[in-house]
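Understanding the architecture of this molecule
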Amino acid sequence: MGVESSRRARPPGPGALRTARARRGAARAVAVLVLAALPLSAGAAWATWSASQAVSTADVRSGTFGVETSWQTFPDLAGMMPGESRDGVASLTHTGDGTWRYRLSVAYDGPVQPTVTFYPGPTCTGTPLAAGALSPQTYARGATTQVCVRYTLPAGSPNAWQGQSAQVAVTATLESRPS
């Protein structure tokens, strides 16, 4: 007959007892830390103090912005013939705060419509500034600049324009610019 063997459980050795004790001790330590942290996270464990005071007030005031225009040389536009040009010099003065640039525009009221060309400066030479375009230079607060305005009756002006007239308005618009 056969031999039967049986295995019997051995009692744990001293090392196993120490490991189990260590695990239970670690679990207790974690539980104590979690319970101790609950009141801190709820804000009940300390007081918060604060103090405040207003900084002295500052007076903020917006600036002003304006323009004055005048003719330095008024153009004589009477009796113009086709292909002829005549010049005038306008003065633009800023009457406020801040730096600025300008735009010029032209409007006609009547049948005769001469070509109007703008030149930065007191003479009609150099590169013209297109109507509606922003001036190439930024000017200081209170500065004055001059613009030459050239009126040209086109060479191909129609016969219907003979003896006719029109009001030609030049408008200067100043725009503030960051300094």
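Residues numbered from 1 in each chain as written. Predicted model: local features only at pLDDT ≥ 70, side-chain atom pairs only at ≥ 80, totals over all residues. Heavy atoms only, no water.

**Considerations on the overall build of the protein chain**
What counts here: Helix numbers and strand numbers start at the N terminus; a helix is a DSSP run of H or I with at least 4 residues, a strand a run of E with at least 2. Contacts are assigned to residue pairs with any non-hydrogen atoms lying within 4.5 Å of each other. In these tables, accessible area is a Shrake-Rupley quantity obtained with a 1.4 Å probe, and a residue counts as shielded only by the protein chains included in the view.
Within the protein chain, the secondary structure is distributed over 1 helix and 6 strands. Across the protein chain, helices and strands are ordered from the amino to the carboxyl terminus as α-β-β-β-β-β-β. For the protein chain, restricting intrachain contacts to residue pairs at least 6 apart in sequence, the fraction spanning at least 24 positions comes to 78%. Looking at the protein chain as shown, the accessible area adds up to about 13,100 Å², and 55% of this sits on carbon and sulfur atoms.

**Quick word on the sheet that holds strand 5 (residues 144-152)**
Selection criterion: For two strands to be treated as a pair, DSSP must find no fewer than two bridges joining them. Axis angles are defined between N-to-C directions and span 0 to 180 degrees, where every axis is a line fitted to C-alpha atoms and, for a helix, only to the segment in contact.
Pairing is antiparallel in the open sheet, where 4 strands are placed in the order 1-2-5-4. Both outer strands of the open sheet, strand 1 (67-73) and strand 4 (115-120), are each paired with one neighbouring strand and no more. Across the sheet, the mean angle from the axis of one strand to that of its neighbour is 30°, orientation sign disregarded. Where strand 1 and strand 2 (residues 85-94) come together, 6 bridges link them in antiparallel fashion. When the sheet's bridge partners are listed, Thr-69 is paired in strand 2 with Leu-92.

**Describing the pattern of salt bridges**
This is how the line gets drawn: Salt bridge criterion: a side-chain nitrogen from Lys or Arg within 4 Å of a carboxyl oxygen from Asp or Glu.
Scanning the entire structure with this criterion turns up 5 salt bridges. The residue Arg-103 makes a salt bridge to Glu-175 at a minimum N-O spacing of 2.4 Å. With a gap of 72 residues between them, Arg-103 in strand 3 (residues 99-109) and Glu-175 in strand 6 (residues 167-177) connect regions that are remote in the sequence. Connected through shared salt-bridge partners, Arg-103, Glu-175 and Arg-177 make up one network.

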